[in-house]
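Given next are the chains, with one letter for each unit.
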Amino acid sequence: TYRGISSYDQAITCLTTSVEVDPSFAQAHAELGIAYRNRADKLYAAPGDEGRREDEYEKAIEHLKQAAKLQPGNEEILGTLGGIYRRAKNYNRALTYYKQVRAINAESSYAVGNIAILAWHEGDKANSLEAFKQTEELATKHIDSGHSYEPFWDYYDRGMARLVLRNKRNALSDYRTAIELTRSPEHFKSVVDGLRFFKEVEDRYPIDGLNEVLNMVTAASVDAETRMVAKHVG
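Everything numeric here is computed off the predicted structure, so don't read it as measured data.

**Structural notes on the overall build of the protein chain**
Then comes step 1: Helices and strands together make up the secondary structure of the protein chain, namely eleven helices and zero strands.
Then comes step 2: For the protein chain, the α and β elements follow one another from N to C terminus as α-α-α-α-α-α-α-α-α-α-α.
Then comes step 3: In terms of C-alpha radius of gyration, the protein chain reaches 17 Å, essentially the compact-globule figure of 17 Å for 234 residues.
Then comes step 4: When the accessible surface of the protein chain is summed, it comes to about 11,900 Å², and 49% of that surface belongs to carbon and sulfur atoms.

**Thoughts on the packing of helix H8 (residues 151–164) against helix H9 (residues 168–181)**
Then comes step 1: Two elements in contact, H8 and H9, have axes separated by 8 Å at closest approach and are oriented at 160°. By the angle class used here, H8 and H9 are roughly antiparallel. Both H8 and H9 take part in a crossing whose hand is left-handed. Contacts from Pro151, Phe152, Tyr155, Tyr156, Arg158, Gly159, Met160, Arg162 and Leu163 of H8 reach H9 at Lys168, Asn170, Ala171, Asp174, Tyr175, Thr177, Ala178, Ile179 and Leu181.
Then comes step 2: In terms of residue class, the contact of H8 with H9 is built from eleven nonpolar, three polar and four charged.

**Some thoughts on the confidence of the model for the protein chain**
A low pLDDT means the predicted coordinates there should not be read in detail.
Then comes step 1: Across the protein chain, the average pLDDT comes to 92, with 97% of residues at 70 or higher.
Then comes step 2: Mean pLDDT values for the elements of the protein chain range from 85 in helix H11 (residues 210–233) up to 97 in H9.

**Regarding the packing of aromatic side chains**
Then comes step 1: Under the defined criterion, the tally for this structure stands at nine aromatic pairs.
Then comes step 2: A connected cluster of aromatic rings, assembled from ring pairs, spans Phe152, Trp153, Tyr156 and Tyr175.
Then comes step 3: It is Arg86 that lies over the ring of Phe197; its NZ or CZ is 4.7 Å from the centre.

**As for the environment of Ile179**
Then comes step 1: Along the chain, the position of Ile179 falls in helix H9.
Then comes step 2: Ile179 sits in the buried class, given a relative accessible area of 17%.
Then comes step 3: It is 9.8 Å that separates the C-alpha atoms of Ile179 and Trp153, two residues lying 26 residues apart in sequence.
Then comes step 4: Here Ile179 is in contact with Tyr156, Phe188, Met216, Val217 and Ala220, once residues within four sequence places are set aside.

**Quick word on the packing of helix H6 (residues 109–121) against helix H7 (residues 125–145)**
Then comes step 1: Where H6 contacts H7, the axes come no closer than 8 Å and their chain directions differ by 160°. As summarised for this structure, H6 and H7 are arranged roughly antiparallel, according to the angle between their axes. As H6 packs across H7, the resulting crossing turns out to be left-handed. Taken together, the residues of H7 that come into contact with H6 (itself represented by Ser109, Val112, Gly113, Ala116, Ile117, Ala119 and Trp120) are Lys125, Ser128, Leu129, Ala131, Phe132, Gln134, Thr135, Leu138, Ala139 and His142.
Then comes step 2: Its residues assigned to classes, the contact of H6 with H7 comprises ten nonpolar, six polar and one charged.

**Re the environment of Pro72**
Then comes step 1: One can find Pro72 in the loop between helix H3 (50–70) and helix H4 (75–87).
Then comes step 2: As a C-alpha pair, Pro72 and Gly146 span 74 residues in sequence and 28 Å in three-dimensional space.

**Details of unusual backbone geometry**
What is expected of a backbone is that most residues other than glycine have negative phi and most peptide bonds are trans.
Then comes step 1: Residue Ser6 is not a glycine yet carries a positive backbone phi of 70°.
Then comes step 2: Here Ser6 is to be found in the segment before helix H1 (8–21).
Then comes step 3: Positive phi is not limited to glycine here, since Lys89 has a value of about 65°.
Then comes step 4: When you line up the elements, Lys89 lands in the loop between H4 and helix H5 (91–104).

Scoring rules and cut-offs
- Residues numbered from 1 in each chain as written.
- Predicted model: local features only at pLDDT ≥ 70, side-chain atom pairs only at ≥ 80, totals over all residues.
- Heavy atoms only, no water.
- Helix = DSSP H or I, 4+ residues; strand = E, 2+ residues; numbered from the N terminus.
- Rg over C-alpha atoms; globule rule 2.2 N^0.38 Å.
- Areas by Shrake-Rupley, 256 points an atom, 1.4 Å probe, with all protein chains shown as cover.
- Axes fitted to C-alpha atoms, helices over the stretch in contact; angles between N-to-C directions.
- Parallel < 35°, antiparallel > 145°, perpendicular 65-115°, else oblique.
- Left-handed = near helix turned anticlockwise from the far one by under 90°.
- Contact = heavy atoms within 4.5 Å.
- Nonpolar A, V, L, I, M, F, W, Y, C, P; charged D, E, K, R; others polar.
- pLDDT = per-residue confidence, 0-100.
- Phe/Tyr/Trp six-rings, centres within 6.5 Å; stacked < 30°, edge-to-face > 60°.
- Lys NZ or Arg CZ within 6 Å of the ring centre and 35° of its normal.
- Buried < 20%, exposed > 50% of the residue type's maximum accessible area, 1.4 Å probe, protein only.

So this is what it looks like as structure tokens:
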């Protein structure tokens, strides 16, 4: 709950106590790792804070790796590790974890989408576009099935793929639907982070509609966090 309202110090205190009491509690290790990552992204995003951000990422990776040992084959944990390595600009390690997720679940649009993002960022446009086509197909399959536990992720995945594949109109529609279904500020922040990753190479590989989508999701993220904090205070 503390992590959900961006109170990361309190979250880390609670979760640290939890793993000290029960070192085999995999989900607590995973949540603690994510809390360290969240705190790093919030407090140490400035150019001069690289050292402190890296220290927080190392703590996050330590706990997430422990969680992965306790729960081998957990897609969410492995995917989160991939995300942290991407934030730390260790793209080879990030790709390794995303490929592990895909090996566990070939139907994961999340894994294929992140592989596509990394390929785009690193200039491998041919493989990136192919992976984005697959991402669109997988996400559409999940949406059409109606069985997704968190359907907003499927819409984000498909929207991202469609944006890169120059289907801006339908991409914007997917992002609007995803935003309507999203409630947690943390989920919004994750999407914003992925869009900003595209921005890093926008001068070389421009994407029509990227700024529009980024503004939409950023505004929704701010609104969701404001509502969450107000609810907690109330």
